[in-house]
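Below, each chain spelled out in residue letters.
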Amino acid sequence: MLPSHSQHSDTFPTMLIKHLRRGCFVTRLKIMIYYSLIIIAKHRDIENFHQYFFNLPPDNDYIKWTVGKAMYMADGTALKQKQALDENGFYSDIISSSAVCTIICDSIQFDEHTRKFNYYGTQIIKRRTRDLRRSMLTTGTVENVPRTQNNPHGLMITNWRTLENKDLDY
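Residues numbered from 1 in each chain as written. Predicted model: local features only at pLDDT ≥ 70, side-chain atom pairs only at ≥ 80, totals over all residues. Heavy atoms only, no water.

> Could you give an account of the sheet that holds strand β4 (residues 116-126), with specific residues and numbers?
Strand order in the open sheet made by the 4 strands is β3-β4-β5-β6, with antiparallel pairing throughout. Because the sheet does not close on itself, it has two edges, and the strands there are β3 (100-111) and β6 (155-167). If you compare each strand with its neighbour and ignore which way they point, the axes differ by 25° on average. In this sheet, strand β5 (residues 131-144) lies alongside β4 in antiparallel orientation, the contact comprising 11 bridges. Looking at the pairing, threonine 122 lines up with serine 135 of β5. (Pairing = 2+ DSSP bridges. Helix = DSSP H or I, 4+ residues; strand = E, 2+ residues; numbered from the N terminus. Axes fitted to C-alpha atoms, helices over the stretch in contact; angles between N-to-C directions.)

Set out below in structure tokens:
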């Protein structure tokens, strides 16, 4: 974190910038706002979480590793959803049927003021017999947390839940 940069602020402090103008340096006060870069980082973090949580090959060790990485990026609401999937036999079905699950991000709506997001994606489950396509809509909020080795962006997904996960007809 930069000096005098608030943990909850999405703008950097006022900084002195030198400009080359007609062969001489002019020092002017500029406010540097990296708004679009911050939004891209938040979108990327949301997308990475969903990829870790939903991109699953038929390999138990790999599933544990990727879902474990997703758990570092979210609060207990993601853990509850993982436990519900585990209790329903979702992960064991993937392994026993040699299915491959992938998710494709269609779009992410992010409200900077409330820090809430909606993730729209298409989940593809490829089995030996047929491919299944599902429409996925999840929602949650993004919180700033201290950066760690397992969470280098310092963002945590909270209050995460799936609003829609239905089969697509095509």
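> An account of the layout of surface pockets is requested, with residue identities and associated values reported.
In this structure, the second largest pocket spans a volume of roughly 170 Å³. Along its surface, the second largest pocket is lined by Asp45, Asn48, Tyr52, Lys69, Tyr72, Met73, Gln149, Asn150, Asn151, Pro152 and His153. Residue assignment for the lining of the second largest pocket shows that the elements contributing at least two residues are α1 (35-54) and α2 (60-72). Looking at the lining of the second largest pocket element by element, the count peaks at 3 residues for α1. Residues that form the lining of the second largest pocket fall into these classes: 4 nonpolar, 5 polar and 2 charged. (1 Å grid on protein atoms, 1.4 Å probe; cavity = no way out; pocket = protein on both sides within 12 Å on 5 of 7 lines; lining within 4 Å. Points joined across faces, edges and corners; volume = space filled by probe spheres on them. Nonpolar A, V, L, I, M, F, W, Y, C, P; charged D, E, K, R; others polar.)

> Tell me what's going on with the environment of arginine 44, and back it up with residues and numbers.
On the secondary structure map, arginine 44 appears in helix α1. Look at arginine 44 and you get partly exposed, because its relative accessible area is 39%. When the C-alpha atoms of arginine 44 and isoleucine 108 are compared, they prove to be 9.7 Å apart, with 64 residues separating the residues in sequence. (Buried < 20%, exposed > 50% of the residue type's maximum accessible area, 1.4 Å probe, protein only.)

> Residue-level account of the nonpolar core, with values.
Core analysis: the largest hydrophobic core is formed by 28 residues, its most contacted members being Ile46, Phe49, Leu56, Phe117 and Trp160. Elements supplying a minimum of two residues to this core: α1, α2, α4 (90-96), β3, β4, β5 and β6. Those residues in contact with phenylalanine 49 that sit more than four places away from it in its chain are Ala70, Met73, Ala74, Ala78, Ile157 and Trp160. (Core = buried A, V, L, I, M, F, W, Y, C linked by side-chain atoms within 4.5 Å. Contact = heavy atoms within 4.5 Å.)

> Account for α2, with residues named and values stated.
Between the first and last C-alpha of α2 there are 19 Å, a value that for 13 residues agrees with the 18 Å anticipated at 1.5 Å per step. Among the residues of α2, Ile63, Thr66, Val67 and Ala70 are the ones counted as buried. Buried residues along α2 cover an arc of 95° about the axis, so they all sit on one side. Among the exposed residues of α2, those pointing more than 90 degrees away from its buried face are Asp61 and Lys64. At the N-terminal end of α2, a side-chain oxygen is found 3.1 Å from the backbone nitrogen of aspartate 61, two or three residues along, and the residue is aspartate 59. (Expected span 1.5 Å × (residues − 1). Arc of directions from axis to C-beta. Polar contact = N/O pair within 3.5 Å; in protein donor to acceptor, adjacent residues only side chain to side chain.)

> Which residues make up unusual backbone geometry, and what values go with them?
Most peptide bonds adopt trans geometry, and most residues besides glycine take a negative phi value. Of note, the phi angle at serine 98 is positive, near 55°, even though the residue is not glycine. By secondary structure assignment, the location of serine 98 is in the loop between α4 and β3. On the basis of relative accessibility, which here comes to 32%, the residue serine 98 falls in the partly exposed class. The backbone of asparagine 159 shows a phi angle near 50°, a positive value even though the residue is not glycine.

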